[in-house]
Amino acid sequence: SSCVLEDNQGRGKFAFVNYDMPEDAQSAIDAFHKKDWRTEEEKAEAEGKEEELDGDGHPKHLMYVGKAQSKRERTAQLRSNQPQPAETSKAGVNLYVKNLDESTDDTSLRELFEPFGKVVSSVAMREERGVCKGFGFVCFASPDEATKAVTEMHLKVVKGKPLYVGLAEKREARQ
């Protein structure tokens, strides 16, 4: 079975083809992936010109043929292709801060933690209407500064609320 669709993001037409046998699908991938679908006239006309790229950064004249993937599979593949930082310490130490007052913004969060060292970044997470969601992140340049901030600020009462301050965990680690 097959289905031809047109993308509403301006990337052109695409199709899904379902093969009964995995070997047939692999043969199609081998035969058509990165195949130049232009006519000889179009190839001659494009000679010497810069390659035209589609919205995804692929040359428009080359076919992309591959196994259909779920969103989870595509995301995992994109993550594995991203260059990983050599050292996490270069990026600093990220702290998670919760129980913030709804008036907290990035600047006030930074000012709250600057006495403990160099704050690389601070973000108070906000709702669409601009109110703080009650949590945020503060990134310190060094682990020592971050440790000092956790020690001093955890359970400290700010604007009538005791703060929770701890080491931020990556989303994957929490799940």
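Because the structure is a prediction, the values reported are computed rather than measured.

(A) Quick look at the overall build of the protein. Per the secondary structure count, the protein includes 6 helices and 8 strands. Overall, the protein shows an N-to-C arrangement of helices and strands of β-β-α-α-α-β-α-β-β-α-β-β-β-α. Relative to its 175 residues, the protein shows a buried fraction of 19%. A separation of at least 24 residues holds for 54% of the contacts in the protein among residues at least 6 apart in sequence. Accessible surface, the protein: about 13500 Å² in total, of which carbon and sulfur atoms supply 50%.

(B) Region of interest: the environment of lysine 35. Tracing the chain through its elements places lysine 35 in the loop between α1 (22-32) and α2 (40-46). In this structure the C-alpha to C-alpha distance between lysine 35 and tyrosine 64, which are 29 residues apart in sequence, comes to 7.9 Å.

(C) Structural view of the sheet that holds strand β8 (residues 164-167). The 4 strands lie next to each other as β4-β5-β3-β8, forming an open sheet whose pairing is antiparallel. Of all strands in the sheet, those bounded by a partner on one side alone are β4 (119-126) and β8. For this sheet, the mean angle separating the axes of adjacent strands, direction not counted, is 20°. The sheet strands contacting helix α4 (residues 106-113) are β3 (93-98), β4, β5 (132-140) and β8, and the helix crosses β4 at an angle near 135°. This element, helix α5 (residues 143-153), spans β3, β5 and β8 of the sheet and lies at about 15° to β3.

(D) Molecular detail of the nonpolar core. In terms of nonpolar packing, the biggest core is built from 18 residues, with Val97, Phe113, Val138, Phe140, Met153, Leu163 and Val165 touching the most fellow members. If you list the elements that add at least two residues to this core, you get β3, α4, β4, β5 and α5. The contact partners of valine 165, leaving out residues within four places of it in the chain, are Leu95, Tyr96, Val97, Phe113, Val150, Met153 and His154.

(E) Examining a negative patch on the surface more closely. Taken together, the side chains of Asp105, Asp106, Glu111 and Glu114 present a region of like negative charge at the surface. Structurally, the position occupied by glutamate 111 is in helix α4.

(F) Summary view of the pattern of salt bridges. Under the defined criterion, the tally for this structure stands at 4 salt bridges. Between lysine 43 and glutamate 40 there is a salt bridge, with its nearest N and O atoms 3.6 Å apart. Taken together, the residues lysine 43 and glutamate 40, both in helix α2 and 3 residues apart, mark about one turn of the helix. Arginine 129 is the partner of glutamate 127 in a salt bridge, and the nearest nitrogen-oxygen pair spans 3.1 Å. According to the relative accessible area criterion, glutamate 127 is partly exposed, its value standing at 34%.

(G) Structural view of the pairing of strand β1 (residues 2-6). Buried residues are scarce in β1, accounting for 0 of its 5 residues. Where β1 and strand β2 (residues 13-17) come together, 5 bridges link them in antiparallel fashion. Across the sheet, residue valine 4 finds its bridge partner in β2, namely alanine 15.

(H) Here's a closer look at α5. The complete set of buried residues in α5 reads Ala146, Ala149 and Met153. For α5, the angular spread of buried residues about the axis comes to 60°, placing them on one side. Summarising the geometry of α5, the exposed residues directed more than 90 degrees from the buried face are Asp144 and Thr151. Directly beyond the C-terminal end of α5, a positive phi value near 70° is found at leucine 155.

Criteria and thresholds
Residues numbered from 1 in each chain as written. Predicted model: local features only at pLDDT ≥ 70, side-chain atom pairs only at ≥ 80, totals over all residues. Heavy atoms only, no water. Helix = DSSP H or I, 4+ residues; strand = E, 2+ residues; numbered from the N terminus. Buried < 20%, exposed > 50% of the residue type's maximum accessible area, 1.4 Å probe, protein only. Contact = heavy atoms within 4.5 Å. Areas by Shrake-Rupley, 256 points an atom, 1.4 Å probe, with all protein chains shown as cover. Pairing = 2+ DSSP bridges. Axes fitted to C-alpha atoms, helices over the stretch in contact; angles between N-to-C directions. Core = buried A, V, L, I, M, F, W, Y, C linked by side-chain atoms within 4.5 Å. Patch = residues over 30% accessible without salt bridge, like charges linked within 9 Å, V, L, I, M, F, W, Y side chains within 5 Å. Salt bridge = Lys/Arg side-chain N within 4 Å of Asp/Glu carboxyl O. Lys, Arg positive; Asp, Glu negative; His and termini not counted. Charge placed at Lys NZ, Arg CZ, Asp CG, Glu CD. Arc of directions from axis to C-beta.

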